[in-house]
Amino acid sequence: MDFPIRKFIFHDLQSIDGYIDPPDALVFLSLLRTQQSAGLEGGVAEIGVYYGRSYFLFRKICGDQEKIIAIDLFDVDQNGRGTTQYDRFLDNGRSLDLLVDEELVIKGDSTLLAAEDITDRAGVIRFFSIDGGHMLNHVASDSRLAAMSLAEHGIIAFDDTFNPAWPEVTVGVADFLREQDGQFAVFCLTKYKTYVCRQSFHMFYSRVIEQSEDLKAFDHAETDFLGSKAVRLNNPVGRRIVHELLARSGLGSLSERVYR
């Protein structure tokens with residue numbers, strides 16, 4: 001297990017407003033680390049930055065030299081406090097002592113971007129996180145953008161796929177997989193995210209999820225999703241409650257032990 005990164009996930013990262021479920025943070029870690037060790041190169045891209053919780057996780061795992069594209073409207077209302085969403089994003093980087101490469105930040109509507117807007121800055125993408133607009137047209141546009149900028153070995157992570165508050169995300173992901181006519185397949189499912197890769201890497205990434213030491217704490221089950229086998233990671237309610245209680249009590253470093 002990568003204990004320094006795990007400490008960062010369960011303790012340091014909690015100071016940033018936002019949310020990433022512990023299973024997903026550990027899936028990110030497992031996949032990105034495996035890509036690095038296997039020499040599967042490429043940039044990282046994220047649509048939907050908010051205040052940077054996922055972004056700074058990417059930065060911590062990947063290091064200062066990796067190119068990370070951050071795409072967001074950065075228009076969250078700050079209730080007249082005089083500090084913009086973008087200012088807080090940069091401040092969070094300084095507080096964590098992690099670099100924000102502002103030349104790789106795209107302020108604007110992701111649905112208006114072309115793949116070249118990403119690849120010209122960072123090259124092909126090995127990990128693309130989609131957590132932007134949650135309406136069908138947003139998901140359709142963002143998924144096409146991700147696919148067109150993705151490396152052959154690239155991964156797309158869709159957020160809120162089965163969240164009943166955002167049903168069009170589920171429809172958008174299913175439409176994307178059908179439109180790609182079998183080129184992409186789901187290899188991992190969590191409570192909040194769906195992980196997709198090209199068919200040629202489906203077995204490779206499925207094994208990463210099955211064998212990762214950082215994911216041993218979760219129940220693994222096999223699920224069918226539009227013709228592909230996916231590993232579903234289950235985070236029991238009891239463990240989730242203990243983690244939340246410890247985190248809210250300022251004991252996030254102890255909550256890491258719950259996930260070993």
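A brief report on the enclosed structure follows.

**Description of the overall build of the protein**
The helix and strand inventory of the protein stands at ten helices and nine strands. With the C-alpha coordinates of the protein rotated into their principal frame, the extents come out at 45 × 40 × 40 Å. Here the protein, with 260 residues, has 52% of them falling under the buried criterion. Taking as baseline every contact in the protein between residues at least 6 positions apart, the subset at least 24 positions apart corresponds to 69%. Carbon and sulfur atoms make up 50% of the accessible area of the protein, which amounts to about 11700 Å² in all. Charge centroids of the protein, computed over 27 positive and 39 negative side chains, lie 6 Å from each other.

**Details of the sheet that holds strand 4 (residues 125-130)**
Reading across from one edge, 3-2-1-4-5-7-6-9-8 is the order of the nine strands in this open sheet, with mixed pairing throughout. The sheet terminates laterally at strand 3 (105-107) and strand 8 (219-225), the two strands that pair on one side only. The sheet shows a mean angle of 20° between the axes of neighbouring strands, taken without regard to direction. When strand 4 meets strand 5 (residues 150-159), the two strands line up parallel, connected through five bridges. Looking across to strand 5, one finds that Phe-128 is bridged to Ile-156. Each of strand 1 (43-47), strand 2 (68-72) and strand 4 is contacted by helix 3 (residues 53-62), which is oriented at about 170° to strand 1, the strand it contacts most.

**Looking at the packing of helix 1 (residues 3-10) against helix 3**
Running from N to C, helix 1 and helix 3 cross one another at 165°; their axes reach a closest spacing of 11 Å. Compared by their axis directions, helix 1 and helix 3 come out roughly antiparallel. In this structure, the crossing between helix 1 and helix 3 has a hand that is right-handed. Residue-level contacts link Ile-5, Phe-8 and Ile-9 of helix 1 to Phe-56, Leu-57, Lys-60 and Ile-61 of helix 3. Taken together, the residues of the contact of helix 1 with helix 3 break down into six nonpolar, no polar and one charged.

**Notes on the nonpolar core**
Side chains of a nonpolar character, in soluble globular proteins, are inclined to be buried together. Counting 50 residues, the largest nonpolar core has Leu-31, Phe-89, Phe-127 and Tyr-195 as its most contacted members. For this core, the element with the highest residue contribution is helix 2 (residues 22-37), accounting for seven residues. Ile-69, Val-186, Leu-189 and Val-196 belong to the second largest nonpolar core, which has 28 residues in total.

**What to know about the packing of helix 1 against helix 2**
For the pair helix 1 and helix 2, the least separation of the axes is 11 Å and the interaxial angle reads 150°. Every pair of crossing elements has a handedness; the one defined by helix 1 and helix 2 is right-handed. Contacts between helix 1 and helix 2 pair Ile-5, Arg-6, Ile-9 and Phe-10 from the former with Pro-22, Ala-25, Leu-26, Leu-29 and Arg-33 from the latter. When grouped by side-chain class, the residues that make up the contact of helix 1 with helix 2 number seven nonpolar, no polar and two charged.

**Focus on helix 9 (residues 237-248)**
An α-helical turn contains 3.6 residues, so any two residues separated by three or four positions project in the same direction. For helix 9, spanning twelve residues, the distance from its first C-alpha to its last is 16 Å, which sits close to the expected 16 Å at 1.5 Å a residue. Three or more residues of helix 9 are buried, namely Arg-239, Arg-240, His-243 and Leu-246. Buried residues of helix 9, seen end-on, are gathered within an arc of 135° and therefore sit on one face of the element. Structural note: helix 9 exposes Val-237, Leu-245 and Arg-248 on the side pointing more than 90 degrees away from its buried face.

**A closer look at the side chain of Ser-149**
Checked against the element boundaries, Ser-149 lands in helix 6 (residues 136-149). Beyond its immediate stretch of four places on either side in the chain, Ser-149 contacts Ala-115, Ile-118, Thr-119, Val-124, Ile-125 and Phe-128.

Calculation criteria
Residues numbered from 1 in each chain as written. Predicted model: local features only at pLDDT ≥ 70, side-chain atom pairs only at ≥ 80, totals over all residues. Heavy atoms only, no water. Helix = DSSP H or I, 4+ residues; strand = E, 2+ residues; numbered from the N terminus. Buried < 20%, exposed > 50% of the residue type's maximum accessible area, 1.4 Å probe, protein only. Contact = heavy atoms within 4.5 Å. Areas by Shrake-Rupley, 256 points an atom, 1.4 Å probe, with all protein chains shown as cover. Lys, Arg positive; Asp, Glu negative; His and termini not counted. Charge placed at Lys NZ, Arg CZ, Asp CG, Glu CD. Pairing = 2+ DSSP bridges. Axes fitted to C-alpha atoms, helices over the stretch in contact; angles between N-to-C directions. Parallel < 35°, antiparallel > 145°, perpendicular 65-115°, else oblique. Left-handed = near helix turned anticlockwise from the far one by under 90°. Nonpolar A, V, L, I, M, F, W, Y, C, P; charged D, E, K, R; others polar. Core = buried A, V, L, I, M, F, W, Y, C linked by side-chain atoms within 4.5 Å. Expected span 1.5 Å × (residues − 1). Arc of directions from axis to C-beta.

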